[in-house]
Amino acid sequence: MERKMKIITALASTLLAFSVSTAMAADAPSRTECIAPAKPGGGFDLTCKLLQVSLQETKQIESPMRVTYMPGGVGAVAYNAVIAQRPAEAGTVVAFSGGSLLNLSQGKFGRYSVDDVKWLAAVGTDYGMVAVRADAPWKNLSELMEAMKKDPTKVVVGAGASIGSQDWMKTALLAREAGIDPRKMRYVAFEGGGEPVTALLGNHIQVVSGDMSEMVPHLQAGKLRVLAVMSDKRLPGQLADVPTAKEQGFNVEWPIIRGFYLGPKVSDADYKWWEEAFKKMVNTSEFQKQRDMRGLFEFNMFGAELDSYVKKQVADYREQAKSFGLAK
């Protein structure tokens, strides 16, 4: 009798374990879509296309993923639409960036907060940088900051977004580290990342604040000098000679994360399917090749770990924004 009870107990445990694992697993969504919260071209489009190609190449999905565009407010329009109108769509992911998190921290996404979506996966990062013309008189970040400190009006900084944006924040943090009042910086906002580089090469501005991946072609052409990259350590390969801001005495890091979130009512089983699919995908040579082609650097984070990272990042951005009078 005792032996029978042991067998029954073992069978019951096996069945329970099977039912739990089944509940945790979900089939691949029959239809997948990536929302790029901007017009075609640019970082969000790049992020969605990276996923679209990689999911197909690594056979995570059978039917091609659709990419759709929902511009507005560096992700604000898409964020509101997914939460309010499409909260339970298991096959729909939305691209986000560090710029999205910065705007979220400043209350620019309306009534919704960082807690209102399911943060899913990060698949790469870029880093902030400061560049000057190859024939500029400043050979390192200290020399540039010293010139700005001496006379902020004579050094014009250009970037592809307005005051309060990522590009402005990067230079404002450097300026503050150097003892310069960021409000005294001469800052010119352009539309997109290409225009300030053109202005720099035409000598209309003296400094560009932007993203490292955007500068690689110009570095190869020998037209620009990157004075500092805002990463925790030097970047690999052809960028290994570019010093970090930290090693030059300026305690500023600015990673530009790229990733995806799901609607707030997507089931745990569907969330788990996506998480596992991303974990498999990022370890393939196909994905790594696609990521490198798009000028992104390795940064893989998923599920609960990403959720914690995003919430801490938003809190840190909020404190930075408050210190510049940009958030309450």
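None of the values given here were measured: they were computed from a predicted structure.

Draft legend 1. Focus on the nonpolar core. Residues Tyr79, Trp119, Leu144, Met145 and Leu174 are the most contacted members of the largest nonpolar core, which totals 58 residues. Beyond its immediate stretch of four places on either side in the chain, tryptophan 119 contacts Tyr79, Phe96, Leu101, Leu104, Val114, Phe260, Tyr261, Tyr271, Gly303, Leu306, Asp307 and Val310.

Draft legend 2. Structural view of the state of the cysteines. Evaluation of the coordinates by the stated rule reveals one disulfide. Residue cysteine 34 pairs covalently with cysteine 48 via a disulfide, S to S 2.1 Å. Looking down the S-S bond of the cysteine 34 and cysteine 48 bridge, the torsion is -70°, so its handedness is left-handed. Of this pair, cysteine 34 sits in strand E1 (residues 33-36) while cysteine 48 sits in helix H2 (residues 43-57); the two residues are 14 residues apart in sequence, bridging distant segments of the chain. On the basis of relative accessible area, cysteine 48 is assigned to the buried category, the value being 0%.

Draft legend 3. Up close: helix H11 (residues 303-323). Taking 1.5 Å of rise per residue, 21 residues should cover 30 Å, and H11 covers 31 Å from first to last C-alpha, within 8% of that figure. If you check which residues of H11 are buried, you get Gly303, Leu306, Val310, Gln313, Val314, Tyr317 and Ala321. In a view along the axis of H11, the buried residues occupy a sector of 100°, so they form one face of it. Of the exposed residues in H11, the ones pointing more than 90 degrees away from its buried face are Ala304, Glu305 and Lys312.

Draft legend 4. A look at the packing of aromatic side chains. All told, the structure shown has 12 aromatic pairs when counted by the stated rule. Aromatic side chains phenylalanine 96 and tryptophan 119 sit 4.9 Å apart centroid to centroid with 75° between the ring planes, which places their arrangement in the edge-to-face category. In this pair, phenylalanine 96 is assigned in strand E3 (residues 92-97) and tryptophan 119 in strand E4 (residues 118-133), connecting sequence segments 23 residues apart. Note on accessibility: phenylalanine 96 and tryptophan 119 belong to one class, buried. Residues tryptophan 274 and phenylalanine 278 carry aromatic rings whose centres are separated by 6.1 Å and whose planes lie at 35° to one another, so their mutual orientation is tilted. One end of the pair is tryptophan 274 and the other is phenylalanine 278, both in helix H9 (residues 268-282) and four residues apart, which spans about a single turn. Residues tryptophan 274 and phenylalanine 278 agree in their burial class; the two are buried. Each member of the aromatic cluster is reached from another via a ring pair, and the members are Tyr79, Phe96, Phe109, Trp119 and Tyr261.

Draft legend 5. Region of interest: the environment of aspartate 307. For aspartate 307, the location among the structural elements is in helix H11. Each C-alpha atom, one on aspartate 307 and one on glycine 160, is 28 Å from the other, the two residues being 147 residues apart in sequence. Among the polar contacts made by the side chain of aspartate 307, one reaches the side chain of lysine 311 at a distance of 3.0 Å.

Draft legend 6. Highlighting unusual backbone geometry. Phi angles above zero are rare outside glycine, and lysine 59 is one such case at about 60°. Its location among the elements puts lysine 59 in the loop between H2 and strand E2 (66-69). Residue classification places lysine 59 among the exposed positions, given a relative accessible area of 71%. A positive phi angle, close to 50°, is found at valine 74, a residue other than glycine.

Draft legend 7. Layout of the confidence of the model for the protein. In the predicted model, the protein carries a mean pLDDT of 90, and the fraction of residues at 70 or more is 92%. For the protein, per-element mean pLDDT is lowest for helix H1 (residues 2-24), which scores 49, and highest for strand E10 (residues 301-302), which scores 98.

Conventions and cut-offs
Residues numbered from 1 in each chain as written. Predicted model: local features only at pLDDT ≥ 70, side-chain atom pairs only at ≥ 80, totals over all residues. Heavy atoms only, no water. Core = buried A, V, L, I, M, F, W, Y, C linked by side-chain atoms within 4.5 Å. Buried < 20%, exposed > 50% of the residue type's maximum accessible area, 1.4 Å probe, protein only. Contact = heavy atoms within 4.5 Å. Disulfide = S-S within 2.5 Å. Helix = DSSP H or I, 4+ residues; strand = E, 2+ residues; numbered from the N terminus. Expected span 1.5 Å × (residues − 1). Arc of directions from axis to C-beta. Phe/Tyr/Trp six-rings, centres within 6.5 Å; stacked < 30°, edge-to-face > 60°. Polar contact = N/O pair within 3.5 Å; in protein donor to acceptor, adjacent residues only side chain to side chain. pLDDT = per-residue confidence, 0-100.

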